Amino acid sequence: MTQPVSLSFAVDGMSCASCVGRVDRMLNGLAGVSDVSVNLANETARLHLDDGAMLPDVAARLEVLGYPARRRDVVLEVASMSCASCVGRVDRALAAVPGVLEVSVNLANETARVVYLEGAVRPEELVRAATEAGYPAQIAGGTVDPTDRKEEEAKELARQAWIAAALTLPVFVMEMGGHMIPALHMLIGQTIGHYTSWMIQFVLVTAVLVGPGRRFYVKGLRALVKGAPDMNSLVAVGTGAAYLYSVVALFLPHLLPDQVRAVYFEAAATIVVLILLGRYMEARAKGRTGAAIRRLVGLQVREARVLRNDTLETIPIDALVVGDLVQVRPGEKIAVDGEVVEGASHVDESMISGEPIPVEKGAGSPVTGGTINGTGALVFRAERVGNDTTLAQIIRMVEEAQAAKLPIQGLVDRITLWFVPVIMAIAALTVLVWLAFVGASGVTLALVAGVSVLIIACPCAMGLATPTSIMVGTGRAAEMGVLFRKGDALQTLADVDVIALDKTGTVTMGKPALTELVLAKGFARSDVLPLIAALEAKSEHPVAAAIVAAHGDASLPEVWAFDSVTGHGVVGNVAGRSVVIGNGRLMARQGIEVGSLAKAETDLARMGHTALFAAVDGVPAAVIGVSDPIKPTSHAAIAALKARGIKVAMITGDKAETAKAIAGSLGITDVIAEVLPDGKVAALSDLRRDGGKVAFVGDGINDAPVLAFADVGIAIGTGTDVAIESADVVLMSGDLGGVVNAVEVSRRTLRNIRQNLFWAFGYNAALVPVAAGALYPVAGVLLSPILAAGAMALSSVFVLTNALRLRTIKPAVQEAE
């Protein structure tokens, strides 16, 4: 790789915000590395490399730092290799994939072993790279599904916690039980003796620390030696101090005064048990934070039935190419994006767009990979495959948003730079102060206070406070059809003061429709509509298309004569009857007096409709009102935005009369009409003049500049690709209710982050002094290290549990039936 590349990959060993800070600083300090974002919740690092060839060096630096990039390997079966040149081409094709570290191609057994960074690339992409190079490949084995990793980690932590608990229970009963129950203390003394009891505790606790607790010492002491202590360092020093003090009391009692000779084996072991239990609960909760991504990945089809050479064959989804004809049976998932060429059905697109009503599909209709076919059978032509499908793009957008670092995270980063070293300094100072004021007799109290300070400090909760909320919030938003393409938009949208809406295609449907048919006395809709629709079917005018569409699929009367009068309307003979459709001037030319219908025509025109008269056999029959109808949920969505204290404006290139009429019906008072695309940018500047933040919602290609200019650009997903690429937020449906949902998710997520940060910081600010013994002189309260470990574990679990509440967010505006 000798070209710029942006990628995300998994990082091992991060357990707290301090770890994140160290990884972040190291990566930012490398030349050629930029846009670094390190996420504790999903244990990933995202960055931009000026030269992709730097990736192995980045991985090596992380290894040295003690936070290795998680590597995976896969073996590919590669066909069509016949010589060393083939091997070279396959090697270069695989090595060029961003995220690949090592490639070893074997011509003899026609395989390629690839070592890659987990999260940066998927095995399917490697298969595609080799295949596109002219060497068809398939996965032979050796892969691990990353979505199952967190579950496996949780199982392993649970196993370790159970082992530690089983070894610790006898220790806890003998020591703590003896303190709390005098009879038990006497029984131990009269049977095995207290010295033997301590020896048993020593053996069991040593097994706990060497076995399940070993992880804390390996990682923590290594970080401490490097001068970059982390959460594991606090645990290692705290439990190690309690253990070593107890070993001295047991084997070298003459070094300690009789009055302070005691063992704290149970504290060291119980702390390990509680922290392992906390890590297990964290791992389970972290797995749930990524549930939205897993559900999206689960929508991807593994195989598809393809018609090739008049033969129907089932092939892996990775083998699909553009142009393939894919068959979909009733109830099956659609494999990739394409266009229906045969069949009719209704397709459930709710998992993509958030809209619950199945969409009718027939020849020429677009279909999206991952959606579910209804009761009909379809054959469609594949148009976008692999990473180009809508579902793949959605997954990519959600992953990028979840890995983003919000501005609010900067506060956490600044604090965690010095947090762990300061906590260790406070612990040391605590011991010194106790010894200074109490003397040698206070060694036990000093040890208890110092260990409690080390254990209770919880940068884990600080590091998880922001990313877990982002993961759950953006994941829930995706399930409602709202995609945050840029992470900082999640924070910015929560603070917007004004939301400006484009009219056509955003507030309205984007195409003309027959919205009014005011009938003259003596005429019925069932008589008039077929006659005017039959005549307009001969015209190519957009208004004509709207009238024909209103008639539906029923057969039309025969037209015997047709004439278009430019700028005025159409005339003709339909089923033996003379029909005239047009403006007032055409009626006057035909000698037809419109009479009482004139007022209806004026009223419709004032409301922004295109108003036409219709006459049958020389008699005025109706006034036709054609307009771009307002979307069903626009009224409720705009009302919901205003109820949330957001000012709503409309910016459009349409005529002022039409724009004001529509805005008035929606309760919008700020209307800027008749503006060109560059004028929309100027209009947005005017709305921003009071210093507030402004969001813009649009769907057309002419909205791209203003979407990029706005503080937050929101694109209607049914719009153009250019508009979507220019936006910060994408609404997968064409429903304005998605704007309200986006604001709701944004505000709820930011509120959730603030709650988490308040808890994480407040917890440490309140309990560190208590652990140090601040209450002992006045209340005789000294926090036990065991209680400190339990509180520390619960702090992280609280943050994660609070973030998971975001999964309960309901759509703010339900789609109209």
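As the structure is a prediction and not an experimental result, all values here were calculated from the model.

1. Describing the overall build of the protein chain
- Looking only at helices and strands, the protein chain has 31 helices and 29 strands in total.
- Long-range pairs, those at least 24 residues apart, make up 69% of the contacts in the protein chain between residues at least 6 apart in sequence.
- Per element, the accessible surface of the protein chain, about 34,500 Å² overall, is 57% carbon and sulfur.

2. Topic: the packing of aromatic side chains
- For the structure shown, the criterion picks out seven aromatic pairs.
- With a centroid separation of 5.2 Å and an interplanar angle of 65°, the aromatic rings of Trp 434 and Tyr 776 are classed as edge-to-face. A residue pair is termed long-range when its members are at least 10 positions apart, and Trp 434 in helix 15 (residues 419-438) and Tyr 776 in helix 30 (residues 776-779) qualify at 342 residues.
- These aromatic residues form a ring-pair network of at least three members: Phe 202, Tyr 243, Phe 251 and Phe 265.
- Arg 688 extends its terminal NZ or CZ atom over the ring of Phe 709, reaching a point 4.6 Å from the ring centre.

3. Observations regarding the UniProt feature "transmembrane region" (unreviewed entry) in the protein chain
- UniProt's feature table lists "transmembrane region" (unreviewed entry) at residues 195-213, 234-256, 262-280, 415-437, 443-466, 757-776 and 782-804, given in the numbering used throughout.
- In the segment residues 262-280, helix accounts for 84% and strand for 0%; the C-alpha atoms at its two ends are 31 Å apart.
- Along residues 782-804, the helical share is 87% and the strand share 0%, with 34 Å between the first and last C-alpha atoms.

4. Let's talk about the pairing of strand 11 (residues 337-343)
- Inspection of the sheet shows strand 11 paired to strand 16 (residues 378-384) by six bridges, in the antiparallel sense. Among the inter-strand pairings, Val 340 is bridged to a residue of strand 16, identified as Phe 380.
- Here strand 11 runs beside strand 14 (residues 366-367); their pairing, made up of two bridges, is antiparallel. Bridge pairing in strand 14 links Gly 338 to Val 367.

5. A look at the sheet that holds strand 12 (residues 345-348)
- Read across the open sheet, the three strands follow the order 13-12-15; overall the sheet is antiparallel. If you trace the sheet from one side to the other, it starts and ends with strand 13 (359-361) and strand 15 (372-373), each paired once.

6. Remarks on the nonpolar core
- One finds Phe 9, Leu 27, Phe 484 and Ile 499 to be the most contacted residues of the largest nonpolar core, which totals 143 residues.
- Per-element accounting of this core gives the leading share, 14 residues, to helix 29 (residues 737-772).
- Once you skip the residues sitting within four places of it in the chain, Phe 9 turns out to touch Glu 43, Thr 44, Ala 45, Leu 47, Val 58, Leu 62, Ala 69, Leu 117, Glu 118, Gly 119 and Ala 120.
- If you look at the next biggest cluster of nonpolar residues, it comprises 24 residues, including Val 528, Val 559, Leu 612 and Val 626.

7. Side note on the pairing of strand 20 (residues 559-565)
- Of the pairings in the sheet, the one linking strand 20 to strand 21 (residues 569-574) comprises six bridges and is antiparallel in character. Bridging across to strand 21, Ser 564 finds its partner in Val 570.
- Where strand 20 hands over to strand 21, the hairpin turn is made up of three residues, of which Gly 567 adopts a positive phi near 80°.

8. A look at the sheet that holds strand 23 (residues 610-616)
- On the basis of which strands lie adjacent, the open sheet formed by six strands has the order 19-24-23-22-21-20 and antiparallel pairing. Each end of this open sheet is capped by a strand with a single partner; those strands are strand 19 (513-519) and strand 20. For this sheet the average axis-to-axis angle between neighbouring strands, irrespective of direction, equals 20°.
- Bridge count for strand 21 against strand 22 (residues 577-582) is six bridges, and the pairing is antiparallel. By the bridge assignment, Asn 573 is partnered in strand 22 with Ser 578.
- Against the sheet, helix 23 (residues 597-606) makes contact with strand 19, strand 23 and strand 24 (619-627), and its axis sits at roughly 5° relative to strand 24, the strand it touches most.

9. Description of the pattern of salt bridges
- Taken as a whole, this structure holds 21 salt bridges when the rule is applied.
- Salt-bridge contacts for Arg 122 lead to Glu 124; the nearest nitrogen and oxygen are separated by 3.8 Å.
- Among the residues examined, Arg 122 registers a relative accessible area of 36% and is labelled partly exposed.
- Asp 711 is paired through a salt bridge with Arg 688; the nearest N and O atoms lie 3.2 Å apart. Remark: Arg 688 occurs in the loop between helix 26 (677-687) and strand 27 (694-698) and Asp 711 occurs in the loop between helix 27 (704-709) and strand 28 (712-716); sequence separation between them is 23 residues.
- One continuous salt-bridge network, built from bridges that share partners, spans Asp 12, Glu 43, Arg 70, Arg 72 and Glu 118.

10. Digging into the packing of helix 20 (residues 525-536) against helix 21 (residues 542-551)
- Taken N-terminus to C-terminus, the directions of helix 20 and helix 21 make an angle of 135°; their axes are 8 Å apart at the nearest point. Classified by the angle between their axes, helix 20 and helix 21 sit oblique to one another. As for the relative orientation of helix 20 and helix 21, their crossing is left-handed in sense. For the pair helix 20 and helix 21, contact is made by Leu 529, Pro 530, Ile 532, Ala 533 and Glu 536 and by Ala 544, Ile 547, Val 548, Ala 550 and His 551, respectively.
- When its residues are assigned to classes, the contact of helix 20 with helix 21 shows eight nonpolar, one polar and one charged.

11. Remarks on the environment of Gly 567
- As for its position among the elements, Gly 567 is in the loop between strand 20 and strand 21.
- Spatially, the C-alpha atom of Gly 567 lies 8.8 Å from that of Gly 582, the residues being 15 residues apart in sequence.
- Leaving out residues up to four positions away in the same chain, Gly 567 has contacts with Asn 583 and Arg 585.

12. Thoughts on a nonpolar patch on the surface
- Taken together, the side chains of Tyr 195, Phe 251, Leu 252 and Leu 255 make up a nonpolar region of the molecular surface, amounting to roughly 390 Å² of accessible area.
- The residue Leu 255 is located in the loop between helix 9 (231-251) and helix 10 (265-289) in this model.
- For Leu 255, a relative accessible area of 53% translates into the label exposed.

13. Comments concerning the confidence of the model for the protein chain
- In this model, the protein chain carries a mean pLDDT of 83, and residues with pLDDT of at least 70 account for 89%.
- Strand 10 (residues 325-328) holds the highest mean pLDDT among the elements of the protein chain, 94, whereas helix 28 (residues 721-726) holds the lowest, 60.
- A low-confidence stretch, residues 142-147 stays under pLDDT 50, and its non-local contacts, those more than four residues away or across chains, total nine contacts.

14. With respect to helix 25 (residues 656-666)
- Three or more residues of helix 25 are buried, namely Thr 658, Ala 659, Ile 662, Ala 663 and Leu 666. One side of helix 25 carries all its buried residues, which in axial view fall inside an arc of 125°. Turned more than 90 degrees from where helix 25 packs its buried face, Glu 657, Lys 660 and Gly 664 sit exposed.
- Packing partners of the buried residues in helix 25 comprise helix 19 (503-507), helix 24 (634-643), strand 25 (647-651) and strand 26 (670-672).
- Just downstream of helix 25 lies Gly 667, where phi reads positive at about 80°.

How each quantity is defined
Residues numbered from 1 in each chain as written. Predicted model: local features only at pLDDT ≥ 70, side-chain atom pairs only at ≥ 80, totals over all residues. Heavy atoms only, no water. Helix = DSSP H or I, 4+ residues; strand = E, 2+ residues; numbered from the N terminus. Contact = heavy atoms within 4.5 Å. Areas by Shrake-Rupley, 256 points an atom, 1.4 Å probe, with all protein chains shown as cover. Phe/Tyr/Trp six-rings, centres within 6.5 Å; stacked < 30°, edge-to-face > 60°. Lys NZ or Arg CZ within 6 Å of the ring centre and 35° of its normal. UniProt positions renumbered as here; feature names shortened; annotations may be inferred. Pairing = 2+ DSSP bridges. Core = buried A, V, L, I, M, F, W, Y, C linked by side-chain atoms within 4.5 Å. Buried < 20%, exposed > 50% of the residue type's maximum accessible area, 1.4 Å probe, protein only. Axes fitted to C-alpha atoms, helices over the stretch in contact; angles between N-to-C directions. Salt bridge = Lys/Arg side-chain N within 4 Å of Asp/Glu carboxyl O. Parallel < 35°, antiparallel > 145°, perpendicular 65-115°, else oblique. Left-handed = near helix turned anticlockwise from the far one by under 90°. Nonpolar A, V, L, I, M, F, W, Y, C, P; charged D, E, K, R; others polar. Patch = residues over 30% accessible without salt bridge, like charges linked within 9 Å, V, L, I, M, F, W, Y side chains within 5 Å. pLDDT = per-residue confidence, 0-100. Arc of directions from axis to C-beta.

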